Amino acid sequence: MHPDSKSILLISMPFAGTSIPSIQLAILESYLKEREINIKTRHLYLKAADFYGLNNYNFLIYPPNDSYTAQMVFSRYVFPEHWQKTEDRFRKYFNENLSKNKDIQKQFTFEHYVQQTDKFLNWILENTDWQSYDIIGFTLNYGQLLPSLAVAKKIKELSPDKKIIFGGSRTTDLLGVKILESFSYVDFVVSGDGEDALYRLASDYQNYKSIPGLMYIEGNEIIWNESDSFVDINNAPIPSYDSFYEELKTSSLEVQQYYYYNGRLPVEISRGCWWNKCSFCNLNIQHKKYREKNVDKIIKEIQVLSSRYKILDFQIIGNTLPKTDYRILFERLKELGKDFTFVAEARAGQLNSYDYTLMKEAGFTTIQTGIESFSQHYLKKMNKGTRVIDNIAALKFCRENGIINRYNLIVDYPNEEPVDFEETKKNIQLFKQFLDPPQICNLRVLFGSPIHRNPEQFNIQKFEYAPIDRLMYPQEFLEKGFNFVYGFKRKKESSGNDWVQLVDEWKKERESSEINGIKKQTTIDKLIFYFVDGGNFIKIYDKRNYGSIRIYVLDELEKNIFLACMDVISNHDIQERFPDIPSNQIVQILEGFEQSGIIFHEDDCYLSLPLRCNTRLVHQPVKEEFLLVSD
Ligand code: SF4
């Protein structure tokens, strides 16, 4: 070990999920160990699940609840006077908003929630060896601020010489400054990559004032060494999940089994986002620069982790798939010939039908595409950089390849208009019978997002504190400005659109047609809208209008034009593919398809809608530039 260096204990608190280990701890542990720093990491969210009971813990953190709300009980330790004065309000909130599940409510009462939190905190103080470390660090995501503050405060009370450091998405940029201003027992905050800042703090503590990315207090002032330096993720060591597995071994059988049945190891493929322009997203404050691991490095990490921990299930950590090398990645994973499963986030408009088939063969079973809307008008407000046609294509390719897509529909923008709703309603009529429905995600304004920085452009008169924040934080702390999410008051009120009803009807329709498909076991009842290839003709079966079936038979030319639209294609490219066919004839055929609802048309692009029921029909893209994406 480094002879004069400080020793570090790094903690991840509840309310992180127990099925995916904290990648932040794993990355930092291996980075610092490689540099001979004495570091220990603790995945204490596993222990919290034991104290609350796994079912109750999952109930607290998964929809309709979330980890942000789950942390409210820790307000009791961070703001004890506030808790004493308002305990009844916490109880009421828990009973009315949080605990809607009557079965769980019977045994997991508010009193139990408080009692178990108390026991859990005492357990941490008595059973984690924090006394042996000089620096105690906390990685903070969405729902970990209050739990981390509660432990940091206690440690500082018991041992004022310990240095407390916070890092992670919840403390990035100005949020970190505000947190340092507000909580005197936090000594340092790292904004951005934590690896080097933590290493330098441990190895060269006396010079902490020169560490890039570090925030610290000097007199009454907060100093933030803003920096453009970034860690090279291609040279980072492979993350170590040893501590996670050690912690898991000491957890209840229930928590262990849950992980072994549902768990995934995170593999980081990139940091930041190459698009980085969506108006609701605040990733820009966390990672100012997009970086991507090369495919060799990703493959090596997956192989090493799989063999070291005997696991085949991975969570890809990256806000999008690799910008250009995604196909090489899928091919290399496929070549490994293992029964991997991957869950990843993706961007619409990036991959074509061939890529989705390759992705499925590589082991990608579930993806979350950043769909957000089926209205072109709304997507522009979001500055998503994708089109409705790209969104439909992504869902169609997923359905054809049996990839689950868990995507969101973002609604309740401050400048939402009736046209956003009407356009969505009209567009989904074409595919809601056979493509899976979204989850509704009501917009909450994130600190540092373009909406937060430019409220007037989005019809916002003023920001408001979220009800849960008004409950968890005393008024004087609310005003310190470290809140991560905000509500808003509109300048001009909008009439409100019934998104819930729209999506509920979609869900019900899909559920009943799924059941019908299982019962009847016919292709038409399973796929609803599909085509089969007869060589010089194609037959399209259409049961979108429930109760009646339409069959379209396309002749050879129609077939070829139809197949050209399996991927999103522009009018210009179709014309280029059929140089011998007069352009007005092509346009006529396309118009006929559009009138029958066989293709979706947006601007000058087309996409066929029926599902292919045979992956043999996947073809390599004609033009390689279709694979490239631009900023
Ligand atoms: S929402 Fe996704 S695509 Fe948009 S900026 Fe954020 S990370 Fe990038």
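Scroll up to find the structure this text is about.
On a predicted model such as this, the values are computed, not experimentally measured, just so you know.

Enquirer: So what exactly am I meant to see when it comes to the sheet that holds strand E11 (residues 313–317) here?
Expert: Two modes of strand pairing occur in sheets, parallel and antiparallel, and in both the strands are linked by backbone hydrogen bonds. If you trace the 5 strands from one edge of the open sheet to the other, you get E8-E11-E12-E13-E14, paired in parallel fashion. What marks the edges here is a single partner per strand, and that holds for strand E8 (265–268) and strand E14 (404–405).

Enquirer: How should I be thinking about the site of the ligand in this particular structure?
Expert: Near the ligand you find Cys273, Trp275, Asn276, Lys277, Cys278, Phe280, Cys281, Asn319, Arg347 and Lys384, and these make up its full shell. Of the residues belonging to the shell around the ligand, the class tally is 5 nonpolar, 2 polar and 3 charged.

Enquirer: Which parts of the structure should I look at to understand the pattern of salt bridges?
Expert: In a structure, side chains of opposite charge can pair up when their charged atoms sit close to one another. Scanning the model with the defined rule gives 36 salt bridges in all. Of the charged contacts, one joins Arg291 and Asp193 as a salt bridge, the two residues approaching to 2.7 Å between their closest N and O atoms. Placement of Arg291 in strand E10 (residues 291–292) and of Asp193 in the loop between strand E5 (188–190) and helix H11 (195–203) is noted, with a sequence separation of 98 residues between them. Exposure class is identical for Arg291 and Asp193. Each is buried. The closest approach of N and O atoms between Arg327 and Asp355, which form a salt bridge, is 2.8 Å. Of the two residues, Arg327 is situated in helix H16 (residues 326–336) and Asp355 in helix H17 (residues 353–362); the sequence distance between them amounts to 28 residues. Neither residue differs from the other here; Arg327 and Asp355 are each classed as buried.

Enquirer: How should the pairing of E8 be read in this particular structure?
Expert: Consecutive residues of a regular strand have side chains that alternate between opposite faces of the sheet. What you see with E8 is no split at all: Leu265 and Val267 on one side and Pro266 and Glu268 on the other are buried throughout. Where E8 and E11 come together, 4 bridges link them in parallel fashion. In the strand pairing of E11, Pro266 is matched with Gln315.

Enquirer: Where do I start with helix H20 (residues 418–428) in this structure?
Expert: Because each turn of an α-helix spans 3.6 residues, side chains separated by three or four positions end up pointing in the same direction. Among all positions in H20, only Asp420, Phe421, Thr424, Asn427 and Ile428 are buried. Projected onto a plane normal to the axis of H20, the buried residues spread over an arc of 135 degrees and lie on a single side. Against the buried residues of H20 lie helix H18 (376–382), helix H19 (388–401), helix H24 (499–520) and strand E24 (599–602).

Enquirer: What am I meant to see in unusual backbone geometry here?
Expert: As a rule of thumb, non-glycine residues mostly have phi less than zero, and peptide bonds are mostly trans rather than cis. Of note, the bond from Pro14 into Phe15 is cis; its omega dihedral lies within 30 degrees of zero at 15 degrees. Examined against the element boundaries, Phe15 turns out to sit in the loop between strand E1 (8–12) and helix H1 (23–34). Cis peptide bonds are those with omega within 30 degrees of zero, and the linkage from Pro63 to Pro64 qualifies with 10 degrees. Position of Pro64 relative to the elements: it lies in the loop between helix H3 (54–61) and helix H4 (67–70).

Enquirer: Hey, could you run me through the pairing of strand E13 (residues 364–369) in this one?
Expert: Here strand E12 (residues 341–346) pairs with E13 via 5 bridges, running parallel. Each residue of the ladder has a partner; that of Glu345, found in E13, is Gln368. Between E12 and its parallel partner E13, the chain crosses via H17, and the hand of that crossover is right-handed. Sheet topology note: the E13/E14 ladder contains 2 bridges and is parallel.

The rules behind these values
Residues numbered from 1 in each chain as written. Predicted model: local features only at pLDDT ≥ 70, side-chain atom pairs only at ≥ 80, totals over all residues. Heavy atoms only, no water. Pairing = 2+ DSSP bridges. Helix = DSSP H or I, 4+ residues; strand = E, 2+ residues; numbered from the N terminus. Near = heavy atom within 4 Å. Nonpolar A, V, L, I, M, F, W, Y, C, P; charged D, E, K, R; others polar. Salt bridge = Lys/Arg side-chain N within 4 Å of Asp/Glu carboxyl O. Buried < 20%, exposed > 50% of the residue type's maximum accessible area, 1.4 Å probe, protein only. Arc of directions from axis to C-beta. Contact = heavy atoms within 4.5 Å. Right-handed = clockwise from strand over helix to strand, strands pointing away.

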